[in-house]
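The primary structure of each chain is shown beneath.
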Amino acid sequence: MVIKVFLATSSGSTAIKKKQQDVVGFLEANGIDHEQLDIACNEDNRMWMRENVPGEKKPTNGIPLPPQIFNDQSYCGDYETFFDAKEQNQVFAFLGLAPPPGSKEAQLAEKAHILQNGNVPHEEHKSTDLNHEEEEIADKGETDLHVSEDEEEEELNIEDDEEAPEDEEEPITEDEDETEEDS
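Computed from a predicted structure; not experimentally measured. (Residues numbered from 1 in each chain as written. Predicted model: local features only at pLDDT ≥ 70, side-chain atom pairs only at ≥ 80, totals over all residues. Heavy atoms only, no water.)

Peer 1: Give a description of the sheet that holds strand S2 (residues 34–38) that names residues and reports values.
Peer 2: Pairing between the strands of a sheet is mediated by backbone hydrogen bonds and can be parallel or antiparallel. Pairing is mixed in the open sheet, where four strands are placed in the order S2-S1-S3-S4. Where the open sheet ends on each side, the last strands, each with one partner, are S2 and strand S4 (74–78). Taking each pair of neighbouring strands and ignoring which way they run, the sheet shows an average axis angle of 25°. Inspection of the sheet shows strand S1 (residues 3–7) paired to S2 by five bridges, in the parallel sense. (Pairing = 2+ DSSP bridges. Helix = DSSP H or I, 4+ residues; strand = E, 2+ residues; numbered from the N terminus. Axes fitted to C-alpha atoms, helices over the stretch in contact; angles between N-to-C directions.)

Peer 1: Describe the side chain of Gln 68, naming the residues involved and giving the relevant values.
Peer 2: Position of Gln 68 among the secondary structure elements: in strand S3 (residues 68–71). On the basis of relative accessible area, Gln 68 is assigned to the buried category, the value being 3%. Side-chain polar atoms of Gln 68 contact the side chain of Tyr 75, separated by 2.7 Å. If sequence neighbours within four positions are ignored, Gln 68 has contacts with Lys 4, Val 5, Phe 6, Met 49, Val 53, Tyr 75, Gly 77 and Asp 78. (Buried < 20%, exposed > 50% of the residue type's maximum accessible area, 1.4 Å probe, protein only. Polar contact = N/O pair within 3.5 Å; in protein donor to acceptor, adjacent residues only side chain to side chain. Contact = heavy atoms within 4.5 Å.)

Peer 1: Outline the packing of aromatic side chains, supporting the account with residue identities and numerical values.
Peer 2: Each aromatic ring pair is summarised here by two numbers: the centre-to-centre distance and the angle between the ring planes. For the structure on display, the rule yields eight aromatic pairs. On the numbers, 5.3 Å between centres and 15° between planes, the contact of Phe 6 with Trp 48 is stacked. Taken together, the residues span a long stretch of sequence, with Phe 6 in strand S1 and Trp 48 in helix H2 (residues 43–52) at a distance of 42 residues. Under the relative-accessibility criterion, Trp 48 is labelled partly exposed at 22%. Ring centres of Trp 48 and Phe 70 lie 4.9 Å apart, and the angle between their planes is 65°; this geometry places the pair in the edge-to-face category. Residue Trp 48 is located in helix H2, and its partner Phe 70 is located in strand S3; the two are separated by 22 residues in the primary sequence. Judged by relative accessible area, Phe 70 falls into the buried class, the value being 0%. Among the aromatic residues, those joined into a ring-pair cluster are Phe 26, Tyr 79, Phe 82, Phe 83 and Phe 94. The ring of Trp 48 carries Lys 4 above its face, with NZ or CZ at 5.2 Å from the centroid. (Phe/Tyr/Trp six-rings, centres within 6.5 Å; stacked < 30°, edge-to-face > 60°. Lys NZ or Arg CZ within 6 Å of the ring centre and 35° of its normal.)

As structure tokens, this is what we get:
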């Protein structure tokens, strides 16, 4: 499956250019196979895009602005829906692609699958057992796990003392200044 990004290479709008760059940059950075189709120089691309953007996604004037994103013939969305999916770590689902293993989106998809099925893989049991142990330790008291506020403050004071140069003179106060002038 190839992701098709309809864009205008000769757009006068900097906002549209930035949106197009954001989409294409994300696809390139993530190694997602895509095709850039120019609607400014190719009337067939423009007509195909306009015909295939669903009616509810078209603006009031009926002409959708680039970038518009498709997965082959299937409409994915415009820049706003792409941006929302990116913010929620759901871009691969938005594009109709399987997320790469180990990605945040793959982890979220796995958690959603677990919640839907109610099945928890063996590894999930181990991590939840560790979380319960950590909670029990925290309930008993945090003396061994964290530095107390007093100890933290003391460490900061020691660091401050170490940073101050030793041969620096104390600043002269107003009283001392007056006595020096009198002598």
